[in-house]
Amino acid sequence: MPLLYPLVFAAFLFSAGVYGVLARRNAVMVLMSIELMLNAVNVNLVAFNAYLRDQLVSGQVFALFVIAVAAAEVGIGLAIVLLIFRNRETVNIDEVDLLRW
Amino acid sequence: MKELAWLVPALPLVAWAVILLVGKRLPDGGAPVGILAVAAGWVISLTILFGVIGGARDAYHVAGEWAAFGPGLEIPFGMTVDGLAAVLLVVVTTISLFVQIYSVSYMRGDERYTLFFAKLSLFTAGMLIVVVADNLLLLLVGWEIMGVCSYFLIGHWWEDPANARAAVKAFLTTRVGDLGFMAGIFVLFWGAGSFEIERIIDGVESGRISSATVTLGAALLFCGAIGKSGQFPLHTWLPDAMAGPTPVSALIHAATMVAAGVFLVARMYPVFEASGAVLNEIAIIASITMLIAALLALVQDDIKRVLAYSTVSQLAYMMAALGVGGYSAGVFHLFTHAFFKALLFLAAGAVIHAVHSNDMSEMGGLARAMPVTFGTFLVGALALAGIAPLSGFWSKDEILTDAWTAGFGEGVEGLATSRGVAQVVFVAGIVTGFLTALYVARMLWLTFGAAYRGQGRPHEAEAGILVPLLVLAVGAALAGFVGLGDNSISTWIQTPLLPSEGPATLNLGVIAAASAAALLGLLLGTALYRRGLPEREYLERLPPVWTTLQHKYYLDDLYERGLVRAVTGALAPATYWFDQRLIDGAVNGAGLGTRRLARGLRYVQSGQAQWYAAALFLGVVGIAVVVTQLVGR
């Protein structure tokens, strides 16, 4: 399989993630979009790992790290969203603007 | 014993700190601390002086490094104790000791009693630092300590604006001279490459410093002496300094502060001696000062002002002596003057306490009411007038003899003063001697003679005031005898660098002339003022003279119109504007500008996380584009 296919796929996945992060109002959806972006990176890492197998083997290891970090991030993110919902009865990200001027 | 000399200035300094910090909790407001400190210094000083008299003439010098800014700029820190310093140490500690003892009674019940003693201690310490300093910078430190203490002490009763003004005037006027002094220090440092007095003098003697540098340095140093020692034209602060309490006047006028200028010239004498122009300048200024101050003393009603002008005049005698090569005569007069002038001030203070006025028109007839004060005052007054065998006679006579020798006599070998100038000094000295006796007689008759003109019933002062008077009266009477014989003050204060003058020679002709002038003055004064205050002062019959003297030769008006107005009228507002608008404007503008800018920019912080994410994303894209397009190639 040529390298181009997984890279184009990863680019689409990342763009979908960026769109979700910037455009969705629901905080849970934003978190999920972040997961999409992280997984696009993972696809890249694994693809390059397969492509450059002779020179380096760390792509898979990095991907594993990213998965672990992403799990932790989602754990904290969801906890924050839960608390925001308890306090303000909303998970709309544009209504949570306490840290403004 | 000279090794212990550092304690003499150190103890009052410690006393100052102790009194200032815990004085109010100590017995008698901390006054005993100051007295004990200076008393210990007095004992040490006397021991040192007796050592010098006994033959220990070598200068004791100890120095360390204060700060080193690399080669060529080291600031030393040390002391020199030679005969001159030993004599001055004794003078300063003696006067300070008795002034402080006197102040315990005189200042009792004062609102700032404790603070007063703290200031006296610091003042004394400042003068003692000047005396033992081995380099000009340390000397300047002591000099400035005195400057600021004189400000505090003259303004001790600052509730009266006049006193506060007098304090400011004293500070600023001496400051004018200090500017020259500082410049002189740097000129000499530039020439000699050192602040140490010994090395500067060495450089002058060996000719390493060019004569132009020496002349400039000496002239600038003399500016400092003019300011501190109240010489014309900067003498105007001294009479106004009478606003301070009387013990302060005694301390300032007898032992510290004003003596510092004379001491400076004596300490740096080889530098001055090397320059004929500066010696002539000193002699001329001193001659002018002694005459105009003595004339002013004739028309004062305030007893303390009479004494103040007399101090100016007597300091001019010392300066004149130094100007005509009479190094030991000048120091000798400093020595005797300290005793009789301190005595006169303290006695005048006792009188002022008794009659509650400084004004001699409200005194009179006090000889009967205050016999002890009168007796001591009489001793001091006659010493001031130069009546044999009291102290002032001997020292004044030595000065006049030196002036005579330099001006009319066989001359002095190697003296740079011109003969004509020495002649002026001699004539001015004799005339001033006459005027001195005249105003002394006027002061004596107006205060103690005739009938009492004031309010209430004056009575003799208490023992705490009389004891210092009696001790100082003994000093004022006998201090002159240190100038007689082979082992006299002139041999004690010789430094190796000065040509030996040998014992003072008595010139009978000069003695006769000086004594005749003094007696004539006393007799004339007695004839004029025997019946107390005349209806109209005699000088009022000469209106131009009278108005000129009443206006103090218009010097104060000149300074007021010429300098003070220019400063307060134009310079002060201009600098105020510069400070407020430009300096503060820049500082405030920096803060204000930031606030204005932030008022617009803060809306960027909308609190919308997605906007931030968008900015972040765009930023990353931008960086990626730049990196790939520019760096990647």
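All values reported here derive from a predicted model rather than from experimental measurement. (Residues numbered from 1 in each chain as written. Chains lettered and ligands numbered in written order. Predicted model: local features only at pLDDT ≥ 70, side-chain atom pairs only at ≥ 80, totals over all residues.)

Side note on the overall build of chain B
So, point 1. For chain B, the helix and strand inventory stands at 25 helices and two strands.
So, point 2. Seen along its three principal axes, the alpha-carbon backbone of chain B occupies a region of about 110 × 65 × 55 Å.
So, point 3. Relative to its 633 residues, chain B shows a buried fraction of 52%.
So, point 4. Restricting the contact set of chain B to residue pairs at least 6 apart, pairs at least 24 apart contribute 80%. (Helix = DSSP H or I, 4+ residues; strand = E, 2+ residues; numbered from the N terminus. Buried ≥ 20, exposed ≤ 12 C-beta atoms within 10 Å, placed from the backbone. Contact = placed C-beta atoms within 7 Å.)

A closer look at the overall build of chain A
So, point 1. Broken down by element type, chain A carries three helices and zero strands.
So, point 2. Secondary structure elements of chain A occur, N-terminal to C-terminal, as α-α-α.
So, point 3. Expected size for 101 residues packed as a compact globule is a radius of gyration near 13 Å; at 17 Å, chain A overshoots this value by more than 25%.
So, point 4. Oriented by its inertia axes, the alpha-carbon framework of chain A measures out at about 55 × 25 × 25 Å.
So, point 5. Counting only residues that meet the buried cut, chain A has 12% of its 101 residues in that class.
So, point 6. Within chain A, contacts between residues at least 6 apart in sequence are counted, and of these 51% link residues at least 24 apart. (Rg over C-alpha atoms; globule rule 2.2 N^0.38 Å.)

Observations concerning the interface of chain A and chain B
By a widespread convention, an interface's size corresponds to the accessible area lost as its parts come together.
So, point 1. Taken together, the contact between chain A and chain B spans ten residues of the former and eleven residues of the latter.
So, point 2. Of the residues that constitute the side of chain A that touches chain B, the class distribution is seven nonpolar, no polar and three charged. (Nonpolar A, V, L, I, M, F, W, Y, C, P; charged D, E, K, R; others polar.)

Overview of the packing of helix 15 (residues 327-355) of chain B against helix 20 (residues 463-478) of chain B
Residue and element names in this part refer to chain B.
So, point 1. The N-to-C vectors of helix 15 and helix 20 enclose an angle of 150 degrees; their axes lie 9 Å apart at closest approach. Judged by the angle between their axes, helix 15 and helix 20 are roughly antiparallel. Helix 15 and helix 20 meet at a crossing whose hand is left-handed. Across from Phe339, Phe340, Ala342, Leu343, Leu346, Ala347 and Ala350 in helix 15, the residues of helix 20 making contact are Ile465, Pro468, Leu469, Leu472, Ala473, Gly475 and Ala476. (Axes fitted to C-alpha atoms, helices over the stretch in contact; angles between N-to-C directions. Parallel < 35°, antiparallel > 145°, perpendicular 65-115°, else oblique. Left-handed = near helix turned anticlockwise from the far one by under 90°.)

Section: unusual backbone geometry
So, point 1. For the bond from B:Phe232 to B:Pro233, the omega torsion is 5 degrees, close enough to zero to count as cis.
So, point 2. Unusually for a residue other than glycine, A:Glu89 sits at a positive phi of about 55 degrees.
So, point 3. Of note, A:Glu89 is situated in the segment after helix 3 (59-88).

A word on the pairing of strand 2 (residues 74-81) of chain B
All names here are of chain B.
So, point 1. Here strand 1 (residues 60-68) pairs with strand 2 via eight bridges, running antiparallel. Among the inter-strand pairings, Gly64 is bridged to a residue of strand 2, identified as Phe77.
So, point 2. Linkage of strand 1 to strand 2, two consecutive antiparallel strands, is achieved through a turn of five residues, within which Gly70 is found at a positive phi near 90 degrees. (Pairing = 2+ DSSP bridges.)

Things to note about helix 1 (residues 7-22) of chain B
So, point 1. For helix 1 of chain B, built from 16 residues, the straight-helix expectation of 22 Å at 1.5 Å per residue is met to within 8% by its first-to-last C-alpha distance of 21 Å.
So, point 2. As for helix 1 of chain B, its buried residues are in contact with helix 2 (31-53), helix 3 (83-106) and helix 4 (113-132) of chain B. (Expected span 1.5 Å × (residues − 1).)

Remarks on the confidence of the model for chain B
Residue and element names in this part refer to chain B.
So, point 1. Mean pLDDT over chain B works out to 83, with 97% of the residues at or above the 70 mark.
So, point 2. Helix 25 (residues 609-631) holds the highest mean pLDDT among the elements of chain B, 89, whereas helix 23 (residues 543-550) holds the lowest, 75.
So, point 3. Scored as a complex, the prediction yields pTM 0.77 and ipTM 0.86. (pLDDT = per-residue confidence, 0-100.)

Description of helix 14 (residues 303-323) of chain B
So, point 1. In a regular helix each residue adds 1.5 Å, so 21 residues correspond to 30 Å; helix 14 of chain B covers 30 Å between its end C-alpha atoms and thus fits that length.
So, point 2. By the criterion of burial, helix 14 of chain B is predominantly enclosed, with 21 of the 21 residues buried.

Some details on the nonpolar core
So, point 1. Judged by nonpolar contacts, the single largest core of 217 residues is most densely connected at B:Val87, B:Val265, B:Ala320, B:Ala342, B:Leu343 and B:Ala476.
So, point 2. The dominant element in this core, judged by the number of residues it contributes, is helix 15 of chain B, at 20 residues.
So, point 3. Apart from residues no more than four positions distant in its own chain, B:Ala476 is found in contact with B:Phe339, B:Phe340, B:Leu343, B:Val379, B:Gly380, B:Ala383, B:Leu390 and B:Ser391.
So, point 4. In this structure, A:Val21, A:Ala27, A:Leu31 and A:Ile93 belong to the second largest nonpolar core, which totals five residues. (Core = buried A, V, L, I, M, F, W, Y, C linked by C-beta atoms within 7 Å.)

Examining the packing of helix 10 (residues 246-255) of chain B against helix 15 of chain B
Residues and elements named next belong to chain B.
So, point 1. At a minimum axis distance of 8 Å, the contact between helix 10 and helix 15 shows a crossing angle of 165 degrees. The angle between helix 10 and helix 15 places the two elements in the roughly antiparallel class. With respect to the hand of their crossing, helix 10 and helix 15 are arranged in right-handed fashion. Contacts from Thr246, Pro247, Ser249, Ala250, His253, Ala254 and Ala255 in helix 10 reach Ala338, Lys341, Ala342, Phe345, Leu346, Ala348, Gly349 and Ile352 in helix 15.
So, point 2. Its residues placed into classes, the contact of helix 10 with helix 15 shows ten nonpolar, four polar and one charged.

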